[in-house]
Amino acid sequence: MNSLRELIEQDTNHNLLDLLSSLCQGSIAVDENCNILWISDAYRDLINISHTTDPIGLPVEQFLPTTQLPRVIKSGKPSFVDLMQIKQQWCVVTRLPIKNPEQKTIGAIGFVFYDDLDSLQPLFDKFARLRRKFEEEKILRPSRYALDDMLGSAPATQQLRRQALRAAQLDTTLLLLGETGTGKELLAQGIHHASTRRTAPFVGINMGALPEALAEAELFGTAPGAYTGANSKGRLGKVQLADGGTLFLDEIAEMPLAMQAKLLRVLQEREVEALGSNRLEKVDVRIIAATAKDLRHQVEIGEFREDLYYRLNVLPINLPPLRERLDDIPELSGHMLKQIQHQSQLSELMLSTSALQWLQHYHWPGNIRELRNRLERGCVMAEGEFIEATDLGSNDELPSKATALTGSLEQTRVQAELSAIELAIKRCNGNKTAAAKLLGISRANLYSRLKQEQTH
Ligand SMILES: Nc1ncnc2c1ncn2[C@@H]1O[C@H](COP(=O)(O)OP(=O)(O)O)[C@@H](O)[C@H]1O
Ligand SMILES: [Mg+2]
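None of the values given here were measured: they were computed from a predicted structure.

**Notes on the packing of helix 13 (residues 329-344) against helix 14 (residues 353-361)**
In step 1: Relative orientation of the contacting elements helix 13 and helix 14 amounts to 120°, with a least axis distance of 10 Å. One way to sum up the angle between helix 13 and helix 14 is to call them oblique. The two elements helix 13 and helix 14 cross, and the hand of that crossing is right-handed. Here Ile-329, Pro-330 and Ser-333 of helix 13 lie close against helix 14, whose contacting residues are Leu-356, Leu-359 and Gln-360.
In step 2: Split into classes, the residues belonging to the contact of helix 13 with helix 14 amount to four nonpolar, two polar and no charged.

Structural data, given as structure tokens:
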């Protein structure tokens, strides 16, 4: 037997094919190029292939865009149990590679099961466990913060607070842009609290932490019986749960493209369609999205829908990195130290002058979240009543000239960046705005790097 086609053609009485059909509610055979060799009548009906269409010889993907059969052929490995959504219905599928005597894969067969899924309860239990685990990991977070919890009086922080207050008075979609740890989530919660929606729910969901297989159901909900068995009640999605309130979509750049289309409908039509339902429900949610990525770039590389980008980008708010608001550090660290000491019932510790200096010279890639972590570490490491610079981090981590001789990676990076900045300024005839643009950083960022350079 050298090709699966031959095998199927030899089966003139269709004994084998009938056997396959009777085993399940749909089966399909493809050759090594993933073209359809045979498909059972039930499967044809399931995926709505019209009677006038002859799928034989055509690529399987043309009829089943989400098919994994190509992967099975490529890897030569079976996938015994998997969940797959076919025409809004959750199905259990099994895929087997077919090999010739030389162990070369010559095709594959797929089986679909969609009713009487009771025997698959263990699988659904596993699914449920996965979901629980993910909820425990606090992907769903209630609103805990008001705008007053946003500390700091550096000019950039004050401006941010003013923007947030104004945004709270409007009811438009917001896009929060900033590096990790700059306070995007805190700001989203604060804006919700200061808005007219404050008495309605704030529902947050982190697209980055959400397994793709769960994403659609989590966001848009499931209709009764849609995918956890015929007698299940159906569940509300986060969109419906946030009705009347605010939906915070964290790490929006990670949202799968298929879901982006559905989100667009929520934004444009204020309508949502639960999984497995063909009914549109009206919803009234304000969406606040956040990302540390350059969404414009994601659009350019085809990872993010352009129309959704424009819908979200109505009112972008930039959260400056901590290194652009170093003046906030004394206030932030004073407050955080009190909190840490209160929570851990440690005795009162203070920052030494050297520690404060260290904090104000560090470049803070992890921003305010990292500040908190460093202070926690300082509280643990401190031996006297003062936290010293060495309790917070080592001097190698500072971008100062003093460490040039050690040749640390960090120092090399800082030096290289500085030369690039100098070169850019030269090339732009001293125009710093143009230089910043050339380098792809903000003007404020460029200024703060130059300022840091001068203070060393
Ligand atoms: N201006 C601020 N004042 C006080 N705490 C802040 C401020 N900004 C951020 N934080 C704290 O820093 C941590 C990270 O903030 P978060 O909102 O989760 O950042 P992001 O969502 O941008 O990663 C949180 O513990 C948050 O409470
Ligand atoms: Mg965050």
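**Remarks on the environment of Ser-347**
In step 1: Structurally, the position occupied by Ser-347 is in the loop between helix 13 and strand 13 (350-351).
In step 2: Distance from Ser-347 to Cys-379, taken between C-alpha atoms, is 9.3 Å for residues 32 residues apart in sequence.

**Looking at empty space enclosed by the protein**
In step 1: Scanning the entire structure with this criterion turns up one cavity of 30 Å³ or more.
In step 2: Approximately 80 Å³ is the volume attributed to the largest cavity.
In step 3: Of all the secondary-structure elements, those providing two or more residues to the lining of the largest cavity are strand 4 (89-99) and strand 5 (105-113).
In step 4: Of the residues belonging to the lining of the largest cavity, the class tally is eight nonpolar, four polar and one charged.

**Digging into the packing of aromatic side chains**
In step 1: What the rule picks out here adds up to five aromatic pairs.
In step 2: Between Trp-358 and Trp-364 the ring centres are 6.4 Å apart and the planes differ by 85°, which places this aromatic pair in the edge-to-face class. Just as Trp-358 is buried, Trp-364 falls in that class too.
In step 3: Measuring from centroid to centroid gives 4.7 Å for Tyr-362 and Trp-364, while their planes differ by 90°, and the two rings are edge-to-face. Residue Tyr-362 shares its accessibility class with Trp-364, and that shared class is buried.

What counts, and where the lines are drawn
Residues numbered from 1 in each chain as written. Chains lettered and ligands numbered in written order. Predicted model: local features only at pLDDT ≥ 70, side-chain atom pairs only at ≥ 80, totals over all residues. Heavy atoms only, no water. Axes fitted to C-alpha atoms, helices over the stretch in contact; angles between N-to-C directions. Helix = DSSP H or I, 4+ residues; strand = E, 2+ residues; numbered from the N terminus. Parallel < 35°, antiparallel > 145°, perpendicular 65-115°, else oblique. Left-handed = near helix turned anticlockwise from the far one by under 90°. Contact = heavy atoms within 4.5 Å. Nonpolar A, V, L, I, M, F, W, Y, C, P; charged D, E, K, R; others polar. 1 Å grid on protein atoms, 1.4 Å probe; cavity = no way out; pocket = protein on both sides within 12 Å on 5 of 7 lines; lining within 4 Å. Points joined across faces, edges and corners; volume = space filled by probe spheres on them. Phe/Tyr/Trp six-rings, centres within 6.5 Å; stacked < 30°, edge-to-face > 60°. Buried < 20%, exposed > 50% of the residue type's maximum accessible area, 1.4 Å probe, protein only.

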